[in-house]
Amino acid sequence: MTENITSVGGGNRQEAGVSALKGRTGAGTPAETRGKTTIADGVVAKIAGMAAREVPGIFSLGAGMARAFGAMRERVPGAGGGGAVTRGVKVEVGEREAAVDLDVVVEYGVSIVDVAGGVRTNVISAVERMTGLEVVEVNIAVDDVHLPDEGEEPGEGRVR
């Protein structure tokens, strides 16, 4: 494979054929280009879920029924309570791009527009930084508002 490189130096324009290293293997190629990395949807979902929960004003993730079933599942020994991080998170991961859908519950009194903007910023930053994937969209569905006098279920809500 030959790549044309155009260089401009001292007013003279020169074209040179340069052998491209991209896609080659062996000792002469950079280590980061040797092999293929795949990232599972669940990995991106965990990153997005953690990043969304870090934003002030988010009480929890997941629609009402998903939160209820998740809270029950966490109480049953051996039932796999690890799904709490990805509850309310759906992702589609391609080779170079990812899309994220979130179901959230916000705290009463916060600006939903500001919280949604903060969630988008935090999720996009975390996923792109940790995976190298381009996040093309973060869709947010606000399913509920948590009122101050509502009780919290164990294992639900923000870690304070």
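Please refer to the structure higher up on the page.
Structure report, in brief. All figures in this text were calculated on a predicted structure; none of them were measured in a lab.

### Quick look at the overall build of the protein
Within the protein one finds three helices and six strands. Overall, the protein shows an N-to-C arrangement of helices and strands of β-β-α-β-α-β-β-α-β. Pairs at least 24 residues apart make up 66% of the contacts formed inside the protein by residues separated by at least 6 positions. For the protein, the computed accessible surface area is about 10300 Å², with 52% contributed by carbon and sulfur atoms.

### Thoughts on the nonpolar core
Counting 24 residues, the largest nonpolar core has I58, V89, V100, L102, V119 and V123 as the members making the most contacts within it. Listed by contribution, the elements that provide at least two residues to this core are α1 (41-53), β3 (58-61), β4 (89-93), β5 (97-107), α3 (112-131) and β6 (134-146). The dominant element in this core, judged by the number of residues it contributes, is α1, at six residues. Sequence-distant contacts of L102, defined by excluding residues within four places in its chain, comprise A52, L61, G88, V89, V119, V123, V138, N139, I140 and A141.

### A word on α3
With 20 residues, α3 should cover 28 Å at 1.5 Å per step; its first-to-last C-alpha distance of 28 Å lies within 8% of that length. All of the buried residues in α3 are V115, A116, V119, V123, A126, V127 and T131. For α3, the angular spread of buried residues about the axis comes to 110 degrees, placing them on one side. Away from its buried face by more than 90 degrees, α3 exposes V113, D114, T121 and R129. In this fold, the buried residues of α3 make contact with α1, β3, β5 and β6. Count one or two residues on from α3 and you reach G132, which has phi positive near 80 degrees.

### Re α1
Here α1 is 13 residues long and its end C-alpha atoms lie 18 Å apart, about the 18 Å a rise of 1.5 Å per residue gives. For α1, the set of buried residues is V44, A45, I47, A48, G49, A51 and A52. Residues of α1 that are buried make contact with β3, β4, β5 and α3.

### A closer look at the packing of α1 against α3
It is at 8 Å that the axes of α1 and α3 come closest, and there the two elements cross at 140 degrees. Here α1 is positioned oblique relative to α3, judged by the angle of their axes. Handedness of the crossing formed by α1 with α3: right-handed. On the side of α1, the interface is formed by V44, I47, A48, A51 and A52, while α3 contributes V119, N122, V123, A126, V127, M130 and T131. Of the residues contributing to the contact of α1 with α3, the split by class is ten nonpolar, two polar and no charged.

### Considering the pairing of β5
Most of β5 sits inside the fold, with eight of its eleven residues counted as buried. Alignment of β3 against β5, held across three bridges, turns out to be antiparallel. Each bridged residue has a counterpart across the sheet, and for S60 the counterpart in β5 is V105. For β4 and β5, the ladder comprises five bridges, and the chain directions are antiparallel. Considered in β5, the bridge of K90 is made with D101. Between β4 and the antiparallel strand that follows it, β5, lie three residues. Relative to β6, β5 is paired through eleven bridges, and the arrangement is parallel. Each residue of the ladder has a partner; that of A98, found in β6, is V135. Chirality of the crossover, the property in question, places the unit of β5, α3 and β6 among those that are right-handed.

Conventions we followed
Residues numbered from 1 in each chain as written. Predicted model: local features only at pLDDT ≥ 70, side-chain atom pairs only at ≥ 80, totals over all residues. Heavy atoms only, no water. Helix = DSSP H or I, 4+ residues; strand = E, 2+ residues; numbered from the N terminus. Contact = heavy atoms within 4.5 Å. Areas by Shrake-Rupley, 256 points an atom, 1.4 Å probe, with all protein chains shown as cover. Core = buried A, V, L, I, M, F, W, Y, C linked by side-chain atoms within 4.5 Å. Buried < 20%, exposed > 50% of the residue type's maximum accessible area, 1.4 Å probe, protein only. Expected span 1.5 Å × (residues − 1). Arc of directions from axis to C-beta. Axes fitted to C-alpha atoms, helices over the stretch in contact; angles between N-to-C directions. Parallel < 35°, antiparallel > 145°, perpendicular 65-115°, else oblique. Left-handed = near helix turned anticlockwise from the far one by under 90°. Nonpolar A, V, L, I, M, F, W, Y, C, P; charged D, E, K, R; others polar. Pairing = 2+ DSSP bridges. Right-handed = clockwise from strand over helix to strand, strands pointing away.

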